[in-house]
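# Per-entry structural report
Spelled out from the first residue to the last, the chains are:
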Amino acid sequence: MMRRFIPAAALCLVLTSAILADETKTGSSAAARPETAALQMGQTLIAKLKESPGCLGVESGKMQSGKLVIFAFFENKKAVLTWYDSPFHQKLIGMVRPYQDQKHIPLKEVPDDVPLMAVASISFDGKPAKANSKIPFSQIAIEVYTPMTPGLSIGGSFAPDAFRALQKSASKSLPKK
């Protein structure tokens, strides 16, 4: 898989709030309890992400390593850039602009016509990555993956059906080795 980084750390931060919000509601987390505003913002972010044109689905969870993650599935590069350029997302980017590469062009080397999966991850354990950060994260990243062959699925898959269909179509056009 081809991997690309989108320096929009705010997305991951607020997505993490949504994950924590879900854990707080279910009582599965005895650890940090986010404030009500963070919970609402996280829920709003997930809703806005799902409403974004070309977003095919969103999954979230906590990894064994402790990283909190969000998987967002998009139809293509245009759909990811629509989300990236949305007023809501740009507001989030503005919250972490000092950490963003100002010369970065999002998805510059990513093909236009393939479905994309964005993975946002954040960790709070360990030494904070930024000394003066308002949020004590030790790791934060947003990575975008392009498809290869669809792989095996029996009775369903992790990716939404619409994403899998696009993935199968795109994999047919990948160069043969």
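Remember, it's a predicted structure, so these values are computed and weren't measured experimentally.

Here the focus is the overall build of the protein. The secondary structure content of the protein amounts to five helices and five strands. A total of 177 residues make up the protein; the buried ones form 46% of that total. Here the contacts in the protein between residues at least 6 apart in sequence split such that 66% fall between residues at least 24 apart.

Turning our attention to the nonpolar core. By size, the foremost hydrophobic cluster in this structure holds 22 residues, and its most contacted members are Leu49, Val58, Phe74, Trp83, Leu107 and Leu116. Mapped by element, the contributors of at least two residues to this core are helix 2 (36–51), strand 2 (55–62), strand 3 (68–74), helix 3 (77–85), helix 4 (87–95), strand 4 (116–123) and strand 5 (139–145). Within the second largest apolar cluster, eight residues are counted, among which are Phe71, Met117, Ala159 and Phe163.

Its location among the elements puts Ala141 in strand 5. In this structure Ala141 comes out as buried when scored by relative accessible area, which is 15%.

So, on to unusual backbone geometry. For Leu107, which is not glycine, the phi torsion reads 55° and is therefore positive. With respect to the helices, strands and loops of the structure, Leu107 is situated in the loop between helix 4 and strand 4. A relative accessible area of 3% places Leu107 in the buried class.

Here the focus is the pattern of salt bridges. Within the structure shown, the criterion is met by one salt bridge. A salt bridge links Lys77 to Asp112; the nearest nitrogen and oxygen atoms lie 3.5 Å apart. Taken together, the residues span a long stretch of sequence, with Lys77 in helix 3 and Asp112 in the loop between helix 4 and strand 4 at a distance of 35 residues. Given the relative accessible area of 12%, Lys77 is considered buried.

This part is about the packing of aromatic side chains. Inspection of the entire model under this criterion finds four aromatic pairs. Ring geometry for Phe71 and Phe158: centres 4.9 Å apart, planes at 90°, overall edge-to-face. Separated by 87 residues along the polypeptide, Phe71 in strand 3 and Phe158 in the loop between strand 5 and helix 5 (161–172) bring together distant segments of the chain. Residue Phe71 is classed as buried on the basis of its relative accessible area of 17%. Accessibility expressed as a relative area gives 48% for Phe158, which makes it partly exposed. Each ring, one from Phe73 and one from Phe158, has its centre 5.7 Å from the other, and the planes form 70°; the classification is edge-to-face. Taken together, the residues Phe73 in strand 3 and Phe158 in the loop between strand 5 and helix 5 connect sequence positions 85 residues apart. Clustering of aromatic rings is evident, with ring pairs tying together Phe71, Phe73, Phe158 and Phe163.

On to the confidence of the model for the protein. Scored by pLDDT, the protein has a mean of 74; 66% of the residues are at 70 or more. Per-element mean pLDDT across the protein ranges from 37 in strand 1 (residues 3–5) up to 95 in helix 3. Taken as a whole, residues 1–35 scores under 50 in pLDDT and shows 87 contacts with residues more than four places along the chain or in a different chain.

On to the pairing of strand 3. Counting buried residues in strand 3 gives seven out of seven residues, a clear majority hidden from the surface. Side chains Leu68, Ile70, Ala72 and Phe74 of strand 3 all project onto a buried face; the interleaved residues Val69, Phe71 and Phe73 project onto the opposite face, where all are buried too. Note: strand 2 against strand 3, seven bridges, orientation antiparallel. Following the sheet pairing, Glu59 is matched in strand 3 by Phe71. Bridging between strand 3 and strand 4 involves seven bridges; their strand directions are antiparallel. Bridging across to strand 4, Ile70 finds its partner in Ala120.

Thresholds applied
Residues numbered from 1 in each chain as written. Predicted model: local features only at pLDDT ≥ 70, side-chain atom pairs only at ≥ 80, totals over all residues. Heavy atoms only, no water. Helix = DSSP H or I, 4+ residues; strand = E, 2+ residues; numbered from the N terminus. Buried < 20%, exposed > 50% of the residue type's maximum accessible area, 1.4 Å probe, protein only. Contact = heavy atoms within 4.5 Å. Core = buried A, V, L, I, M, F, W, Y, C linked by side-chain atoms within 4.5 Å. Salt bridge = Lys/Arg side-chain N within 4 Å of Asp/Glu carboxyl O. Phe/Tyr/Trp six-rings, centres within 6.5 Å; stacked < 30°, edge-to-face > 60°. pLDDT = per-residue confidence, 0-100. Pairing = 2+ DSSP bridges.

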